[in-house]
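Listed below, chain by chain, are the residues.
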Amino acid sequence: MKFVKDFKEISKKDIAVAGGKGANLGELVKNKILVPPGFVILASAFEKFLTENDINVEIEATWKKINFQDLESVEESSEII
C-alpha cells in the first residue's frame, strides 16, 4: 500500500486519497505552474496509523456516546476525538 505520492503523481481525481490541497497542488504541477517540489501523505497513511494504534476503536466508542440533540455533548466528543 502506498502512503506518499509526489505532486506529479496527483490530480483532481485523487481528492479522496490526497485531500483537496494535495489534489490542487497536483493540478498546478500538471499545468506547468511553478510549485516547489513536494509530496502528499495520503489518507491511507492516516487510516493505517489509526488502526495500528487502536485509535479508531476509541473514536468509535466516543462517537457512540454522542447525544446529537445536545450541542455540548457534540462539542465535548469532538474535543476528545
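Our structure is the block above this text.
Residues numbered from 1 in each chain as written. Predicted model: local features only at pLDDT ≥ 70, side-chain atom pairs only at ≥ 80, totals over all residues. Heavy atoms only, no water.

Caption draft 1: Molecular detail of the side chain of T62. Take T62: it is sitting in helix α3 (residues 55-65). Take T62: its relative accessible area is 13%, and that puts it in the buried class. With near-sequence residues (within four places) excluded, T62 lies in contact with S77, I80 and I81. (Helix = DSSP H or I, 4+ residues; strand = E, 2+ residues; numbered from the N terminus. Buried < 20%, exposed > 50% of the residue type's maximum accessible area, 1.4 Å probe, protein only. Contact = heavy atoms within 4.5 Å.)

Caption draft 2: Here's a closer look at the packing of aromatic side chains. According to the stated counting rule, one finds one aromatic pair in the structure shown. Ring centres of W63 and F68 lie 5.3 Å apart, and the angle between their planes is 65 degrees; on these two criteria the pair is classed as edge-to-face. (Phe/Tyr/Trp six-rings, centres within 6.5 Å; stacked < 30°, edge-to-face > 60°.)

Caption draft 3: Structural detail: a negative patch on the surface. Residues D70, E72, E75, E76 and E79 make up a contiguous surface patch of negative charge. By the element assignment, D70 lies in the loop between α3 and α4 (71-80). For D70, a relative accessible area of 33% puts it in the partly exposed group. (Patch = residues over 30% accessible without salt bridge, like charges linked within 9 Å, V, L, I, M, F, W, Y side chains within 5 Å. Areas by Shrake-Rupley, 256 points an atom, 1.4 Å probe, with all protein chains shown as cover. Salt bridge = Lys/Arg side-chain N within 4 Å of Asp/Glu carboxyl O. Lys, Arg positive; Asp, Glu negative; His and termini not counted. Charge placed at Lys NZ, Arg CZ, Asp CG, Glu CD.)

Caption draft 4: The arrangement of the pattern of salt bridges in detail. Counted according to the given criterion, the structure contains three salt bridges. Here E52 ties to K48 by a salt bridge, and the two come within 3.1 Å at their closest N and O atoms. Placement of the pair is E52 and K48 together in helix α2 (residues 43-52), with a separation of four residues, close to one helical turn. When its relative accessible area of 53% is taken as the criterion, E52 is described as exposed.

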